[in-house]
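# An overview of the molecular structure
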Amino acid sequence: MGAKSSKVAVSSDEHGQLVDVLLLLLRKRGYQPIYFGPKAGEEAQDWPLVTKDAVELVLRGKAAEAIVICWTGTGCSIVANKMPGIRAALCLDAETARGARKWNHANVLALSQRVTSIAVLEEILDAWYDTPVSTDEWNVTQIERVNAMDNQRNSTS
């Protein structure tokens, strides 16, 4: 989804090795990460707030996509999916990341700080960035249906 040298919003409520390695791997791939969350040694921040900050960059077109992290990955994926136009996927392995990109056209990757090892992170990123979205008619129809749900929710708000 993101082109090389695209900006990628990254958030985490706690700073840890996963954050450092993720930022490094993104830079090695030619992406420009924009990080929201505590720096090394700082106290944890509220996961809904840092997630919202990162995802809003995607909604405003200031980042091609976002990668959001919290302890389980569930909370940040819930927050991201509250925002219309966002399709966040909690990916604990490469195959889930591949499917999220291909069939769900996911634009936000959610990760678990607790269970994502560095080796698995690399596999997930390979799958995420090497898998194109499916443009077959059936799949496009499914994404249009998801988008219609966003539009319906917005019109009743």
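Read on for a plain summary of the structure. (Residues numbered from 1 in each chain as written. Predicted model: local features only at pLDDT ≥ 70, side-chain atom pairs only at ≥ 80, totals over all residues. Heavy atoms only, no water.)

Further remarks concern helix H4 (residues 94-102). Along H4, the residues classified as buried are Ala94, Ala97, Gly99, Ala100 and Arg101. As for H4, its buried residues are in contact with strand E3 (65-70), strand E4 (88-90) and helix H5 (118-130). Its side-chain oxygen at 3.1 Å from the backbone nitrogen of Glu95, Asp93 defines the N-terminal cap of H4. (Buried < 20%, exposed > 50% of the residue type's maximum accessible area, 1.4 Å probe, protein only. Helix = DSSP H or I, 4+ residues; strand = E, 2+ residues; numbered from the N terminus. Contact = heavy atoms within 4.5 Å. Polar contact = N/O pair within 3.5 Å; in protein donor to acceptor, adjacent residues only side chain to side chain.)

Strand order in the open sheet formed by 5 strands is E2-E1-E3-E5-E4, with parallel pairing between adjacent strands. Both outer strands of the open sheet, strand E2 (32-36) and E4, are each paired with one neighbouring strand and no more. Here the average twist between neighbouring strands, direction ignored, is 20°. Two elements, strand E1 (residues 7-12) and E3, share 5 bridges in a ladder whose sense is parallel. Note that in E3 the partner of Ser11 across the bridge is Val68. (Pairing = 2+ DSSP bridges. Axes fitted to C-alpha atoms, helices over the stretch in contact; angles between N-to-C directions.)

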